[in-house]
Amino acid sequence: MSFGPPPSAYTASALGAERRARRRRAGVAAAVAVSLLALCGVGVWMFSTGSDDAAAGEHRRPLAPSADDIRQTVERTPDTPDGQLLVAHSEKGLAGNTESNPRLAPGTWATGKILAKGVADRIVGYRLLPDSDQEAWTLALDGDICATTGRITQDGRTAVAVQKGGRHAGSADGTRCDEVVVFDVDTGKKLWQRPLPAKGAADISHTNLTLAKGVVAAAWGHGSVAYAMRDGSRLWAHEDSSGCRERGFAGGRALLALVACGDSGDPAYQVRGIEPRTGRSTWTYKVTQGVRTVYLPSSDPPVLAVAAGDATVTHLITLDGRGSYQATVPLDSGLYDPGCGRTYAGSTYFGTTEVCDGMAVGRDRIFLATAFDANATEKVSNWIVAFDVRTGRTAGKYEGHTAQPVVPLRASGDDLLLYRRSLTGVEPAAVMSWNPRTDTAKPFLFFHLPDQAEEELSDPRRSDILVEQGRVFFAKRRLVAEQAHPADPVPAVVGLGSAGLGH
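Residues numbered from 1 in each chain as written. Predicted model: local features only at pLDDT ≥ 70, side-chain atom pairs only at ≥ 80, totals over all residues. Heavy atoms only, no water.

Side note on the overall build of the protein
The test is simple: Runs of H or I in DSSP of at least four residues are treated as helices and runs of E of at least two as strands, each being numbered from the N terminus. Working rule for contacts: check all heavy atoms of both residues, and any pair within 4.5 Å makes them a contact. The method behind every accessible area is Shrake-Rupley, applied with a 1.4 Å probe, and residues are considered shielded solely by the protein chains displayed.
When helices and strands are counted, the protein shows three helices and 35 strands. Here the contacts in the protein between residues at least 6 apart in sequence split such that 52% fall between residues at least 24 apart. Accessible surface computed for the protein: about 20500 Å², of which carbon and sulfur atoms make up 50%.

As structure tokens, this is what we get:
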């Protein structure tokens with residue numbers, strides 16, 4: 001059974017090449033089979049196959065997570081899906097913050113105890129209590145936040161990059177990133193901070209930050225650095241070499257580097273597997289010249305979102321654990337909307353290498369939302385399609401409802417957690433848990449968002465939407481005063497949990 005439009009000629013030919021390669025692998029070693037697939041080249045008109053720079057094996061997941069592992073929570077369905085308000089914070093003092101001069105609020109993190117939110121030059125932790133606006137802690141920083149990562153360790157540590165010295169965007173050197181700060185989300189304690197060895201080259205528009213096991217890694221287009229998560233000691237640093245520059249990293253269970261080589265106006269992109277503790281490249285996948293932009297929405301499995309000939313993402317490419325080509329998912333001229341790079345109203349601030357807000361990636365499935373038509377009020381708003389990572393074929397479809405658009409949030413084991421918005425306000429909004437293998441969907445939480453902030457909070461292009469340990473959190477990325485009442489507090493953060501006792 002197929003969902004959505006039929007595969008393109010490119011996809012069909014690539015899949016045919018893969019099927020032939022599988023038959024060859026029956027009697028030939030895997031490395032030889034990869035070489036044969038590269039020689040065939042059938043259908044791979046835009047992307048070259050990967051190459052092994054080292055004999056790297058498939059990534060193996062640990063049996064039990066350690067404190068340094070990057071968190072991948074598998075959610076348990078709450079005892080009751082009826083939601084209750086846990087956190088409701090409205091930001092004050094926004095009278096001078098307009099659409100052209102917003103107060104930026106990058107970074108949102110949640111644990112079982114705390115919701116933490118970055119705002120300008122501070123991070124605030126809120127307690128998870130019924131109908132609460134109770135601050136647990138405030139971490140004052142040396143300047144405004146200039147890069148964030150949504151990743152967090154198993155024991156609740158994460159990182160931000162900061163503009164040291166209290167500079168603000170718009171000042172003479174106010175867009176420069178100077179240092180990395182690692183903090184504990186539960187306590188708000190700053191664990192360490194270290195300077196970025198960027199010599200002024202790390203700008204707010206192109207500095208990217210991520211976490212892999214035991215490592216904090218940053219890249220700024222002219223170099224990169226990695227620190228030990230435990231104590232901030234420098235593990236390795238890379239500078240421009242051989243005309244290639246590290247644009248950013250994708251972290252999590254593995255570490256990938258996005259590398260641009262050659263002419264900065266028309267670079268040739270590479271994706272490299274990186275050994276986190278040493279910085280050594282274990283494999284390289286080369287993207288054919290002419291691709292304008294590459295994002296890395298997943299490191300394990302490796303997934304590339306590429307814009308071929310335009311600034312809009314046109315294809316997803318999946319690789320195996322050795323960096324060799326597996327499959328292509330064409331996005332069919334705008335039918336699917338992966339939302340890559342749209343973090344702050346289309347700007348590239350705060351790091352975008354890993355950011356694709358309209359899709360999610362699980363262990364062996366990619367989940368893509370179709371574009372939402374706000375004028376289509378008499379038919380299904382949109383839907384989510386699951387694709388097999390190894391083949392690129394459709395593997396399930398979740399139908400939206402009339403006036404209830406859906407967006408994938410993240411994988412939870414083999415399930416997808418998705419947000420179903422309510423445009424009418426009559427039906428509640430919901431987080432749903434969908435298993436594409438059985439095509440079963442279960443309600444996770446039902447709730448209503450504040451009317452005056454529902455549109456912005458529900459938009460993944462403008463707000464962070466997190467699900468963690470039975471709760472769902474919405475947090476705006478830009479804070480602007482209401483024109484009619486500029487002195488009034490503005491809803492900024494909402495957290496909801498189950499009304500049952502067992503969430």
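The discussion continues.
Focus: the state of the cysteines
Rule in force here: In this description, a disulfide is simply a cysteine sulfur pair whose atoms lie within 2.5 Å. When accessible area is computed with a 1.4 Å probe and restricted to protein chains, residues below 20% of their type maximum are described as buried, those above 50% as exposed, and intermediate ones as partly exposed.
Enumeration according to the criterion identifies three disulfides in this entry. A sulfur-sulfur distance of 2.2 Å marks the disulfide that ties Cys146 to Cys177. Taken together, the positions of Cys146 in strand 8 (residues 145-148) and Cys177 in the loop between strand 9 (157-162) and strand 10 (179-184) put the pair 31 residues apart, joining distant regions of the chain. Given a relative accessible area of 0%, Cys146 falls into the buried group.

Focus on the packing of aromatic side chains
Test applied: Two rings from Phe, Tyr or Trp (for Trp, the six-membered ring) form a pair when their centres sit within 6.5 Å of each other. Planes less than 30 degrees apart are called stacked, planes more than 60 degrees apart edge-to-face, and all others tilted.
For the coordinates displayed, the defined rule picks out eleven aromatic pairs. Look at Tyr336 and Phe387: their rings are 5.6 Å apart centre to centre, the planes differ by 80°, and that puts the pair in the edge-to-face class. Taken together, the positions of Tyr336 in the loop between strand 23 (325-330) and strand 24 (359-361) and Phe387 in strand 26 (residues 383-388) put the pair 51 residues apart, joining distant regions of the chain. Each member of the pair Tyr336 and Phe387 is classed as buried.

Digging into the nonpolar core
How we decide: What makes a nonpolar core is a set of buried Ala, Val, Leu, Ile, Met, Phe, Trp, Tyr and Cys residues whose side-chain atoms join them at distances within 4.5 Å.
Counting residues in hydrophobic clusters, the biggest one holds 22 residues, and the most contacted among them are Ala159, Val180, Leu196, Leu209 and Val216. Apart from the residues within four sequence positions on either side, Leu209 is in contact with Ala147, Thr148, Thr149, Ala159, Val160, Ala161, Val180, Val216, Ala217, Ala218 and Glu354.

Some details on the sheet that holds strand 15 (residues 234-239)
Stated formally: In this description, strands pair whenever DSSP reports at least two bridges between them. Between N-to-C directions, angles cover 0 to 180 degrees, with each direction set by a line fitted to C-alpha atoms, over the stretch in contact for helices.
The strand order across the open sheet formed by four strands is 12-13-14-15, and the pairing between neighbours is antiparallel. Looking at the sheet topology across the chains shown, the edges are occupied by strand 12 (208-212) and strand 15. Here the average twist between neighbouring strands, direction ignored, is 15°. One ladder, built from five bridges, connects strand 13 (residues 215-219) with strand 14 (residues 223-228); its direction is antiparallel. Residue pairing in the sheet places Ala219 in a bridge with Ser224 of strand 14.

Re the side chain of Thr318
Tracing the sequence through the fold places Thr318 in strand 22 (residues 315-319). Taking relative accessible area as the criterion, Thr318 reaches 1% and is therefore assigned buried.

Digging into unusual backbone geometry
With omega at 5°, the peptide bond leading from Asp300 into Pro301 counts as cis. Checked against the element boundaries, Pro301 lands in the loop between strand 20 (291-299) and strand 21 (302-308). The phi torsion at Asp439 lies on the positive side, around 55°, for a residue other than glycine. As for its position among the elements, Asp439 is in the loop between strand 30 (429-435) and strand 31 (440-447).

Quick notes on the environment of Val313
Its place among the elements puts Val313 in the loop between strand 21 and strand 22. Separated by 23 residues in sequence, Val313 and Tyr336 have C-alpha atoms that sit 9.5 Å apart. In this view, Val313 contacts Tyr295, Ala305, Val306, Ala307, Leu331, Pro338 and Cys340; residues no more than four positions away in its chain are not counted.

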